[in-house]
Amino acid sequence: MAGSTLHEGLAPLNVASEQKSDDAHGYYVLGDKLVDAKAPTGPIKDRWTTRKFENRLVNPANRRKLDIIMVGTGLAGGAAAATLGEAGYNVKSFCYQDSPRRAHSIAAQGGINAAKNYKEDGDSTFRLFYDTVKGGDYRSRESNVYRLAEVSANIIDQCVAQGVPFAREYGGLLDNRSFGGVQVSRTFYARGQTGQQLLIGAYQAMERQVAAGTVKQYTRHEMLELIVVDGRARGIIARDMVTGEIETHLADVVVLATGGYGNVFYLSTNAMGSNVTATWRAHRKGAYMANPCYTQIHPTCIPVSGDFQSKLTLMSESLRNDGRIWVPKNREDCDKDPRDIPEEDRDYYLERIYPSFGNLVPRDIASRQAKNVCDEGRGVGPVVGDFRRGVYLDFADAIARMGRQAVETKYGNLFDMYARITGEDPYEVPMRIYPAVHYVMGGLWVDYDLQSNITGLYVTGEANFSDHGANRLGASALMQGLADGYFVLPNTIRDYLADGPFPKVAEDHPEVVAARESVEARINTFMSMNGTRSADSYHKELGNIMWEYCGMERTEEGLRKAIDMIRELKADFWSNLRVLGTADGINQSLEKAGRVADFIELGELMCVDALNRRESCGGHFRGESQTEDGEALRHDDEFAYVAAWEWGGEDGQPVLHKEDLIYTAIEMKQRSYK
């Protein structure tokens, strides 16, 4: 907390009503300003080219002497491991799944963006850049976003060369479709299995390097601690999830590609194993967590059907290309068969409110409007809790226009998945959808080179915060993951590795021993607790708090309540948790305990971040900050910054470091999709 000062005007909790409303009321301290020293200047179209040239090189002989730890094997981690291995570095690749092919990137459905302008509809690198910055509600770094748009075209060429079976038009050319927040068709896809096909491509490239001996693979291993020696990331402590053995792994540099933390909400579209532990352990070692409150709520998910559920299922946003979203105009029609509701009694509310974009408005807007009509009592489907949580996604017009066979060709596997889960035939009856937690735009803070504020710790893909601002456009997650893995990280990490070979660190170094002992002590604590509640029960309670008070709409009163509730939950967790089994061998109860402990701490920081940001922007919607017609209202004079949070210690307060967002190539203005 060096360089930190108490935020002016802060007061203890439960302050008097005359306390200034523009502070966080004792929840944090204000630290020094944060500046990205690696951020390039000059014309935006030249910045990435300039930076690549300025980054130093590592000769092939020295690469063989350098060790890289890669945590995560999704698109970002798999692509980076393959690329760095092929370059000649020694790579250790870790994942908690039984195969890299089970990384959560496999679940992405709809597509991957690239500015190739195959449709000749006005697309360009600059337009992809503009759409991304605007879609993120002007809360992303323009240099990072332009680089992402610039390398996007290379990704498609790379994947086609690997054999990824993108959809093609009748003449054999790669096909494109539209996604939310844009008016051009730039999304490449493989039916509804794009993530799976792209992951197989990255996986095959990585396995080639495994066979070549440059990549060593550690499956069923979970990172539980970051090793920092003399201020530099030098390794990780991992648990073998099969044997229970605690292992020390050392290297010259560590890369985290561990995905997002949407499962803090318990119910989300993430795989049930997705967690925040790797990045949160790094945060506790000093890495800044940036914009943690920026959570994406995806508008097209299969609605919650009851209290028994442990996860939600995403339906690809690509369905919004041809499906029309509506609810009944009249509440009394909500329990009718939708086919019996005449056209004049249907409210195609997105087409009505946003005539320019219609059903293709960005995800945050589509999600909030779905919530609004359901809150009005016009939701459809079964009553869950106190109201109906669902709107219709109707393909009747598309089937009449294109024919059923054409719809099956584009969306068949998605329709089949919906039918298997719901027991309803979407070709005959409209799908029912409702918003759900999906992606997170927040993550560990990184500079332009993707290096965190801990020297030697790099963070890629969804695990970092850098490219999407306050809302991610559809089909941009796969784009960022592969951009970071194939093209960005390999060109930036070499500048750091050029100082190598580095002195080796021994396993008996005091800081290495301390890291290992901290992991062992934490596990012993879990195993020695003899309470009455499971980790799952705490996770579900945390998720309810987060969804209710830090979900689609946040208010000052609700966020303060949530922070108090999370603190009470944390105290109970550490006094009343019960972990079954033993520390040796497979123990999913133990694994869950560690993940939930980290989720609880993250949840509190998310609420503090949301409380501090007294504006609405993208997926962060503060009820006190909206326009007359209910749209998000930003306050650029106060909040045009990245909120980078420093760990304040077990009993301390988080430290807020602000990195100003400066736009030179684009004008900041209120978004409009009308």
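As the structure is a prediction and not an experimental result, all values here were calculated from the model.

Describing the overall build of the chain
- The helix and strand tally for the chain stands at 17 helices and 22 strands.
- On C-alpha atoms alone, the chain measures out to a radius of gyration of 24 Å, which is about the 26 Å that the 2.2 N^0.38 rule sets for 674 residues.
- Dimensions of the chain, computed from the C-alpha atoms along their principal axes, are close to 75 × 65 × 50 Å.
- Put simply, the chain has 674 residues, and 61% of those count as buried.
- For the chain, the accessible area works out to roughly 25100 Å², and carbon and sulfur atoms hold 48% of it.
- Across the chain, the 77 positively charged side chains and the 94 negatively charged ones have centroids separated by 4 Å.

Some points on the packing of aromatic side chains
- Counting across every chain of the model gives 24 aromatic pairs.
- Ring geometry for tryptophan 326 against tyrosine 348: centres 6.2 Å apart, planes inclined by 50 degrees, an arrangement best described as tilted. Taken together, the residues span a long stretch of sequence, with tryptophan 326 in strand E13 (residues 324–328) and tyrosine 348 in the loop between strand E14 (346–347) and helix H8 (349–353) at a distance of 22 residues.
- Residue tryptophan 326 is classed as buried on the basis of its relative accessible area of 0%.
- Take tyrosine 348: its relative accessible area is 10%, and that puts it in the buried class.
- Geometrically, the ring pair formed by phenylalanine 526 and tryptophan 574 is stacked, given 5.3 Å between the ring centres and 15 degrees between the ring planes. Placement of the pair is phenylalanine 526 in helix H13 (residues 510–528) and tryptophan 574 in helix H15 (residues 556–576), with a sequence separation of 48 residues.

Examining the domain arrangement of the chain
- For the chain, the assigned domains are domain 1 (45–292 + 454–497), domain 2 (298–438) and domain 3 (511–646).
- With 46 residues of domain 1 at the interface, the matching set in domain 3 holds 54 residues.
- The junction of domain 1 with domain 3 conceals about 4000 Å² of combined surface from both sides, 59% of it contributed by carbon and sulfur atoms.
- Ranking the residues of domain 1 by area buried against domain 3 places Arg139, Val264 and Phe265 at the top, with a combined share of 18%.
- Linking domain 1 with domain 3 are seven salt bridges.
- Residue aspartate 598 is joined to arginine 281 by a salt bridge in which the shortest nitrogen-to-oxygen separation is 2.6 Å.
- Between the two partners, domain 1 and domain 3, sit 22 residue pairs in polar contact (both at pLDDT 80 or more).

Quick look at helix H4 (residues 125–135)
- For H4, the set of buried residues is Leu128, Phe129, Asp131, Thr132, Val133, Lys134 and Gly135.
- Of the surrounding secondary structure, the elements contacted by the buried residues of H4 are helix H5 (142–162) and helix H12 (477–497).
- Downstream of H4 by one or two residues, aspartate 137 has phi in the positive range, about 60 degrees.

Focus on the sheet that holds strand E21 (residues 641–646)
- Spatially, five strands are ordered E1-E22-E21-E11-E19 in an open sheet, and the strand pairing comes out mixed. The open sheet terminates on both sides in strands that have one partner only, identified here as strand E1 (29–30) and strand E19 (443–444).
- In this structure, E1 lies alongside strand E22 (residues 655–660), joined through two bridges in parallel fashion. Bridging from a neighbouring strand, valine 29 pairs with valine 655 of E22.
- Contacts between helix H16 (residues 588–612) and the sheet are confined to strand E11 (289–290), E21 and E22, with E21 contributing the most and set at about 145 degrees to the helix.

Structural notes on the confidence of the model for the chain
- Residues with a pLDDT of 70 or more make up 96% of the chain, whose mean pLDDT is 94.
- For the stretch residues 1–22, pLDDT sits under 50, and the model shows 42 contacts to residues farther than four places along the chain or on other chains.

Brief notes about the nonpolar core
- Formed by 185 residues in total, the largest nonpolar core has its most connected members in Ile112 and Leu497.
- A per-element tally of this core places H16 first, with 13 residues.
- Other than its neighbours up to four places away in sequence, leucine 497 contacts Val58, Leu66, Ile68, Tyr89, Asp252, Val253 and Phe502.

Quick notes on the environment of alanine 535
- Following the sequence through the fold, alanine 535 ends up in helix H14 (residues 535–550).
- By relative accessible area, which is 7% here, alanine 535 ends up buried.
- In the structure, alanine 535 is positioned 59 residues away from glycine 594 in sequence and 8.6 Å away in space, judged by C-alpha atoms.

Examining the pattern of salt bridges
- Counting across every chain of the model gives 64 salt bridges.
- For arginine 363, the salt bridge is made with glutamate 317, and the minimal N-O distance between the two is 2.5 Å. Of this pair, arginine 363 sits in helix H9 (residues 363–378) while glutamate 317 sits in the loop between strand E12 (295–301) and E13; the two residues are 46 residues apart in sequence, bridging distant segments of the chain. Each member of the pair, arginine 363 together with glutamate 317, is buried.
- The partner of arginine 404 in a salt bridge is glutamate 408, with the nearest N and O atoms 2.9 Å apart. One end of the pair is arginine 404 and the other is glutamate 408, both in helix H11 (residues 404–422) and four residues apart, which spans about a single turn.
- Taken together, the shared-partner salt bridges connect Asp137, Arg139, Asp364, Arg368, Arg613, Glu615, Arg634, Asp636 and Arg671 into one network.

Some remarks on the pairing of E12
- Counting buried positions along E12 gives seven out of seven residues, so the element sits mostly inside the fold.
- Examined bridge by bridge, E12 and strand E18 (residues 431–440) share four bridges and lie antiparallel to one another. Along E18, the bridge assignment pairs cysteine 301 with tyrosine 434.

Cut-offs used in this document
Residues numbered from 1 in each chain as written. Predicted model: local features only at pLDDT ≥ 70, side-chain atom pairs only at ≥ 80, totals over all residues. Heavy atoms only, no water. Helix = DSSP H or I, 4+ residues; strand = E, 2+ residues; numbered from the N terminus. Rg over C-alpha atoms; globule rule 2.2 N^0.38 Å. Buried < 20%, exposed > 50% of the residue type's maximum accessible area, 1.4 Å probe, protein only. Areas by Shrake-Rupley, 256 points an atom, 1.4 Å probe, with all protein chains shown as cover. Lys, Arg positive; Asp, Glu negative; His and termini not counted. Charge placed at Lys NZ, Arg CZ, Asp CG, Glu CD. Phe/Tyr/Trp six-rings, centres within 6.5 Å; stacked < 30°, edge-to-face > 60°. Domains from an automatic or database assignment. Contact = heavy atoms within 4.5 Å. Buried area = accessible area lost by both parts, 1.4 Å probe. Salt bridge = Lys/Arg side-chain N within 4 Å of Asp/Glu carboxyl O. Polar contact = N/O pair within 3.5 Å; in protein donor to acceptor, adjacent residues only side chain to side chain. Pairing = 2+ DSSP bridges. Axes fitted to C-alpha atoms, helices over the stretch in contact; angles between N-to-C directions. pLDDT = per-residue confidence, 0-100. Core = buried A, V, L, I, M, F, W, Y, C linked by side-chain atoms within 4.5 Å.

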